[in-house]
Amino acid sequence: GQQVMQIPQYQHVQEGEDFTTYCNSSTTLSNIQWYKQRPGGHPVFLIQLVKSGEVKKQKRLTFQFGEAKKNSSLHITATQTTDVGTYFCAAWGYSSASKIIFGSGTRLSIRP
Amino acid sequence: GAGVSQTPSNKVTEKGKYVELRCDPISGHTALYWYRQSLGQGPEFLIYFQGTGAADDSGLPNDRFFAVRPEGSVSTLKIQRTERGDSAVYLCASSSSGHPDTQYFGPGTRLTVL
């Protein structure tokens, strides 16, 4: 069945350093979403990518969807303490019976 | 406006008991999702409603789990004969029209089965 792998599982960076998390699927995806979950909180929607090779930016965050629509990445430039949390990708496949699959998340912690 | 709300916020029950978890979606949202999240894991899809009907219930782990949305708004997730492995945070999300669309998550219900 469809699987979504997310790496790394954890990332601990110095404030000001960059951060990247990757999401990889075994099957072609119709679209992918990214969510952020603060410690003790619930997932909050960040962005949705639909087109092959799509790149979207939100201030210091850059999101990419691979050309083959099987992978995606989230890159944060110059991390700040407010970026702390777990970042999840969520993907839909192309099959009519597809369900939403969340990655296992990348937990970002930051040294001030 | 009000976001997605879930009640109770915490539920402690004993193995074998029946529990009901409630979700109030954002007003006007036709799509509603239930997820289960264990510590250190991503949300695990359980069921998706479009209006009153379950459009996809393939994530329900077994027949002890059931969900309803009789009027196309509030939804209740029902778990019979609870087991310790059911302990998790149960998240509800709604979206205006269904996937793919932005999902707005509620705060979750933390279920602990003793």
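Parameters and conventions
Residues numbered from 1 in each chain as written. Chains lettered and ligands numbered in written order. Predicted model: local features only at pLDDT ≥ 70, side-chain atom pairs only at ≥ 80, totals over all residues. Heavy atoms only, no water. Helix = DSSP H or I, 4+ residues; strand = E, 2+ residues; numbered from the N terminus. Buried < 20%, exposed > 50% of the residue type's maximum accessible area, 1.4 Å probe, protein only. Contact = heavy atoms within 4.5 Å. Polar contact = N/O pair within 3.5 Å; in protein donor to acceptor, adjacent residues only side chain to side chain. Buried area = accessible area lost by both parts, 1.4 Å probe. Salt bridge = Lys/Arg side-chain N within 4 Å of Asp/Glu carboxyl O. 1 Å grid on protein atoms, 1.4 Å probe; cavity = no way out; pocket = protein on both sides within 12 Å on 5 of 7 lines; lining within 4 Å. Points joined across faces, edges and corners; volume = space filled by probe spheres on them. Nonpolar A, V, L, I, M, F, W, Y, C, P; charged D, E, K, R; others polar. Pairing = 2+ DSSP bridges. Axes fitted to C-alpha atoms, helices over the stretch in contact; angles between N-to-C directions. Disulfide = S-S within 2.5 Å.

Draft legend 1. Highlighting the environment of Gln37 of chain B. Along the chain, Gln37 of chain B falls in strand β4 (residues 31-37). On the accessibility criterion, Gln37 of chain B (9% relative accessible area) is buried. On a C-alpha basis, the gap between Gln37 of chain B and Val89 of chain B in space is 5.1 Å, while along the polypeptide they are 52 residues apart. Beyond its immediate stretch of four places on either side in the chain, Gln37 of chain B contacts Gln37 and Phe88 of chain A together with Gly42, Pro43, Ala88, Val89 and Leu91 of chain B. At 2.9 Å, the side chain of Gln37 of chain B and the side chain of Gln37 of chain A are in polar contact.

Draft legend 2. Region of the structure containing unusual backbone geometry. Omega for the peptide link from Ile7 of chain A to Pro8 of chain A comes to -5 degrees, which places this bond in the cis form. Each neighbour pair has its own omega, and for Thr7 of chain B with Pro8 of chain B the value is -10 degrees, a cis peptide bond. Mapped onto the elements, Pro8 of chain B comes out in the loop between β1 (5-7) and β2 (10-13). Despite not being glycine, Lys69 of chain A has its phi angle at roughly 55 degrees, a positive value. Along the chain, Lys69 of chain A turns up in the loop between β7 (61-65) and β8 (71-76). The buried category is assigned to Lys69 of chain A, whose relative accessible area is 11%. Positive phi is not limited to glycine here, since Arg81 of chain B has a value of about 45 degrees.

Draft legend 3. View of the interface of chain B and chain A. Counting from both sides, the interface comprises 20 residues of chain B and, opposite them, 17 residues of chain A. Carbon and sulfur atoms make up 56% of the area that chain B and chain A hide from each other, which totals about 1,400 Å². Inspection of the chain B/chain A interface yields 0 salt bridges. Our count for the contact surface shared by chain B and chain A stands at 4 residue pairs in polar contact (both at pLDDT 80 or more). For the side of chain B that touches chain A, the leading source of residues is β4 of chain B, giving 3 residues.

Draft legend 4. Representation of the layout of surface pockets within the structure. Estimates place the volume of the largest pocket at around 750 Å³. Forming the walls of the largest pocket are 35 residues, and the residues nearest its centre are Gln37 and Gly40 of chain A together with Gln37, Leu39 and Gly40 of chain B. Contributions of two or more residues to the lining of the largest pocket are made by β9 (85-93) and β11 (106-111) of chain A together with β9 (88-95) and β11 (109-113) of chain B. At 4 residues, the largest contribution of residues to the lining of the largest pocket is made by β11 of chain B. Of the residues in the lining of the largest pocket, the class split is 11 nonpolar, 21 polar and 3 charged. Quantified by volume, the second largest pocket comes out at close to 260 Å³. Lining the second largest pocket are 15 residues, with Ile101 and Phe102 of chain A together with Pro43, Glu44 and Phe45 of chain B positioned closest to its centre. Its residues assigned to classes, the lining of the second largest pocket comprises 7 nonpolar, 6 polar and 2 charged.

Draft legend 5. Structural detail: the sheet that holds β7 of chain A. All names here are of chain A. Taken together, 5 strands build an open sheet; the order of strands is β1-β3-β8-β7-β6 and the sheet is antiparallel. Edge strands, defined here as strands with exactly one partner in the open sheet, are β1 (4-7) and β6 (55-58). Averaged over neighbouring strand pairs, the angle between their axes works out to 15 degrees when direction is ignored. Two strands pair when backbone bridges link them, and strand β3 (residues 19-25) and β8 are joined in this way by 6 bridges, in the antiparallel orientation. Looking across to β8, one finds that Tyr22 is bridged to Ser73.

Draft legend 6. Structural context of the state of the cysteines. The tally for this structure, following the rule as stated, stands at 2 disulfides over all chains. Here Cys23 of chain A engages in a disulfide with Cys89 of chain A; their sulfurs sit 2.0 Å apart. Judged by the torsion about the S-S bond (70 degrees), the Cys23 of chain A/Cys89 of chain A disulfide is right-handed. Residue Cys23 of chain A is found in strand β3, and its partner Cys89 of chain A is found in strand β9; the two are separated by 66 residues along the sequence. Assessed through its relative accessible area of 2%, Cys23 of chain A is described here as buried. Note on cysteine connectivity: Cys23 of chain B is disulfide-linked to Cys92 of chain B, with sulfurs 1.8 Å apart. Here the S-S torsion is close to -65 degrees, and the disulfide linking Cys23 of chain B with Cys92 of chain B is therefore left-handed. Residue Cys23 of chain B is found in strand β3 (residues 19-24), and its partner Cys92 of chain B is found in strand β9; the two are separated by 69 residues along the sequence. Just as Cys23 of chain B is buried, Cys92 of chain B falls in that class too.

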